[in-house]
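Coordinate inspection notes
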Amino acid sequence: MAAIVLTRNMQLAKHHGSGVVGVVCLRSYSAAAAPPDADAPRPLKTTNLAAMKRGTGGRSSFNGIVATVFGATGFVGRYVCNKLGKSGTQMILPYRGDDSDANRLKVCGDLGQVLFHFYHLEDPRSIREAVKHSNVVINLVGRDYETKNFKFKDVNVNGAARLASICRDAGVERFIHLSALNAEANPKAHYISGGSQWLKSKYEGELMVRDAFPNATIIRPADIYGSEDRFLRYYAHIWRRQFRSMPLWHSGERTVKQPVFVSDVAQAIVNAAKDPDTSGRIYQAVGPKRYQLSELVDWFHRLMRKDQKRWGYQRYDMRWDPTFKLKVKLTNLICPGAPIGGLHLDRVEREAITDKVLPGVPTLEDLGVQLTNMEDQVPWELRPYRAALYYDAELGEFEEASPPKTIEAGEELRLLAQTL
């Protein structure tokens, strides 16, 4: 039965020559609906957050995605969370250890948009609590060196499989897994016997994720550079050098790299989370250009003003220097938790491997990402490592560092033939 509510007082209007006319404005509500000033709360059609009304975009709105980001406190995770928050994504950020590592991510979204949850990678119950309200889960958890608590298989294989399996059981719609370029079942050995165990574990992790969550999106990045990375700062660290020289596999002349900017990888992950057509696909995250490793390392030192004339810098073949391998082993022995400068045997093995970009496999450009050139970003990243950083140089006193030479398609075989 309809209820008649008087919404405005009667207004009297006097017209010339026609007496008084009463005007009454009425508003009608159905019996099923409550008036605006009623105490009863408005009933919700569903409690699923992803089905609630969406905003127009921005950190203070809601775009319909509730994402759980594992590994949010890591290098790539910080960029992913920032881009998710900018588009109005509600985020659940699991963390382990001290919560101060995760608290700084609170500003990625507006009030109530970012929630934190303590978890352990080997505790299924805590993982289940972290993903039960999400429709997108992003796995950025990784370990590129082994510790006494976590081996490569514990994190890259068993941990990834556990996350994918729990997400499938919880009804998660999208699962995005970050793997690695050059991952294969039996990597070729260069510096250590058996090849890179990290790449092998990444390949096994892909298989486990695909088996547990067939529609998972897998992204294979090359070496990622950016603020607080483990690529530029690895070569800039003093512990990577031998005195003032740089040991590289075959002096870096047989290795070709295609590094990618971290912001491009993060944007690709966000685009994949928003596009349902990316389900079940594999993407290669590589930069726009290919470089010889020797050219890259020489360029890094030119940017840091540590050239051969002033610093005595030179490259040489690490195969003929047993003291460098002894140094790497000693570093792993005295620093089992976090190797100095990121120097460990598996890292040295991986830097000798040429990046293989498979034809027919989509890249970041297929995800709508405009790739960043290294020449535009690396000088800014390496500026804190520049020699005489606070020296007030005159205009033109130091010549500009020439960019590295790129390798065109089909040129790798010619370079390899020259070095043989």
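Notes on the structure in this doc start here. (Residues numbered from 1 in each chain as written. Predicted model: local features only at pLDDT ≥ 70, side-chain atom pairs only at ≥ 80, totals over all residues. Heavy atoms only, no water.)

Some points on the layout of surface pockets
Stated formally: A 1.4 Å probe that fits into a set of points on a 1 Å grid over the protein atoms alone but cannot get out defines a cavity; an open set with protein on both sides within 12 Å along at least five of seven lines defines a pocket, and lining residues are those with an atom within 4 Å of a point. Grid points are joined across faces, edges and corners, and a volume is the space filled by probe spheres set on the points. Runs of H or I in DSSP of at least four residues are treated as helices and runs of E of at least two as strands, each being numbered from the N terminus. Three classes are used: nonpolar for Ala, Val, Leu, Ile, Met, Phe, Trp, Tyr, Cys and Pro, charged for Asp, Glu, Lys and Arg, and polar for all others, with Gly counted as polar.
One number sums up the size of the largest pocket: a volume of about 1400 Å³. What lines the largest pocket is a set of 47 residues, and nearest its centre among them are Phe75, Gly142, Arg143, Asp144 and Arg230. Counting only elements with at least two residues in the lining of the largest pocket, the list comes to helix H1 (75-86), strand E6 (90-95), helix H5 (197-212) and helix H11 (345-350). Tallying contributions element by element places H1 first for the lining of the largest pocket, with 4 residues. Looking at the lining of the largest pocket residue by residue, the classes come out as 23 nonpolar, 8 polar and 16 charged.

With respect to the side chain of Thr68
Threshold: A 3.5 Å cut-off defines polar contacts: any pair of N or O atoms within that distance qualifies, except that in protein one atom must be a possible hydrogen donor and the other a possible acceptor, and neighbouring residues in sequence count only when both atoms are side-chain atoms. Any two residues whose heavy atoms approach within 4.5 Å at even a single point are treated as in contact.
By secondary structure assignment, the location of Thr68 is in strand E5 (residues 66-70). Of note is the side chain of Thr68, whose polar atom sits 2.8 Å from the backbone oxygen of Ala130. In terms of polar contacts, Thr68 uses its side chain to reach the side chain of Ser134, at 2.5 Å. Apart from residues lying up to four places away in sequence, Thr68 is in contact with Ile92, Pro94, Ala130, Val131, Ser134, Val136, Val137 and Ile138.

Comments concerning H1
Definition in use: Burial status follows relative accessibility: with a 1.4 Å probe on protein chains alone, a residue under 20% of its type maximum counts as buried, one over 50% as exposed, and anything between as partly exposed.
Summarising burial for H1: 9 of the 12 residues are buried, a large majority. When H1 is considered as a whole, its buried residues turn out to be Phe75, Val76, Gly77, Arg78, Val80, Cys81, Lys83, Leu84 and Gly85. Residues of H1 that are buried make contact with E5, E6, strand E8 (136-139), strand E9 (174-178), strand E11 (224-225) and helix H7 (262-274). Downstream of H1 by one or two residues, Gly88 has phi in the positive range, about 85°.

Notes on the pattern of salt bridges
Let me state the cut-off plainly: Should a side-chain nitrogen of Lys or Arg be within 4 Å of a carboxyl oxygen of Asp or Glu, the pair is scored as a salt bridge.
Applying the stated criterion across every chain, the model contains 14 salt bridges. As a salt-bridge pair, Asp229 and Arg233 come within 2.9 Å of each other at their nearest N and O atoms. The class of Asp229 is buried, set by a relative accessible area of 5%. Residues Asp346 and Arg350 are paired through a salt bridge, measuring 2.6 Å at the closest nitrogen-oxygen approach. Within this pair, Asp346 and its partner Arg350 are both found in helix H11, separated by 4 residues, close to a single helical turn. Here Asp346 and Arg350 have matching classes, each one buried.

Some points on unusual backbone geometry
Despite not being glycine, Glu228 has its phi angle at roughly 60°, a positive value. Inspection of the secondary structure puts Glu228 in the loop between E11 and helix H6 (232-236). Notably, Ser251 is not glycine yet its phi reads approximately 60°, a positive angle. Tracing the sequence through the fold places Ser251 in the loop between strand E12 (245-248) and strand E13 (256-257).

What about empty space enclosed by the protein?
A water-sized probe rolled over the atoms picks out the places where empty space is left. Applying the stated criterion across every chain, the model contains 1 cavity of 30 Å³ or more. Estimated volume of the largest cavity: approximately 40 Å³. Considering each element in turn, the lining of the largest cavity owes the most residues, 5 residues, to helix H4 (residues 152-169). The residue makeup of the lining of the largest cavity, split by class, is 5 nonpolar, 4 polar and 1 charged.

Brief notes about the packing of aromatic side chains
For the record, the criterion: Only centres within 6.5 Å qualify two rings of Phe, Tyr or Trp (six-membered ring in Trp) as a pair; their planes then separate them into stacked at under 30 degrees, edge-to-face at over 60, and tilted for everything else.
Under the defined criterion, the tally for this structure stands at 10 aromatic pairs. Here Tyr95 and Phe118 contribute two aromatic rings whose centre-to-centre distance is 5.7 Å and whose plane-to-plane angle is 80°, an arrangement assigned as edge-to-face. With Tyr95 in strand E6 and Phe118 in strand E7 (residues 114-118), this residue pair connects regions lying 23 residues apart in the sequence. You can call Phe118 partly exposed: its relative accessible area is 49%. Consider the rings of Phe231 and Phe300, whose centres lie 6.1 Å apart with planes at 90°: the pair is edge-to-face. Here Phe300 lies in helix H8 (residues 293-303) and Phe231 lies in the loop between E11 and H6, a separation of 69 residues in the sequence. In this structure, Phe231 and Phe300 share a single accessibility class: buried.

Thoughts on the nonpolar core
This is how it is decided: Among the buried residues, those of types Ala, Val, Leu, Ile, Met, Phe, Trp, Tyr and Cys that are joined through side-chain atoms within 4.5 Å form a nonpolar core.
Ranked by internal contacts, the top residues of the largest apolar core, which has 67 residues, are Val76, Ile138, Tyr235, Ile269, Phe300, Met374 and Val378. The dominant element in this core, judged by the number of residues it contributes, is H7, at 8 residues. Sequence-distant contacts of Met374, defined by excluding residues within four places in its chain, comprise Tyr225, Phe231, Pro259, Tyr291, Leu296, Trp299, Phe300 and Pro379.

Quick look at helix H12 (residues 374-381)
Quick note on the threshold: Starting at the helix axis, one direction is taken to each C-beta atom, and the arc is that of these directions.
Every buried residue belonging to H12 is among Met374, Gln377, Val378 and Glu381, and all of these are buried. Here the buried residues of H12 occupy an arc of 100° about the axis, which is enough to place them on one side. What points out from H12, more than 90 degrees from its buried face, is the exposed set Asp376 and Trp380.

Comments concerning a nonpolar patch on the surface
Here is the rule: A patch consists of residues whose relative accessible area exceeds 30% and which take part in no salt bridge; residues with like charges are grouped when within 9 Å of each other, and nonpolar side chains (Val, Leu, Ile, Met, Phe, Trp, Tyr) when within 5 Å. All accessibility values rest on the Shrake-Rupley procedure with a 1.4 Å probe; residue burial counts only the protein chains present in the view.
Side chains of Ile238, Trp239, Leu330, Leu333, Ile334 and Ile340 sit close together on the surface and give an oily, nonpolar patch of about 590 Å² of accessible area. A residue is classified by how much of its surface remains accessible, and Leu330, at 47% relative accessible area, is partly exposed.

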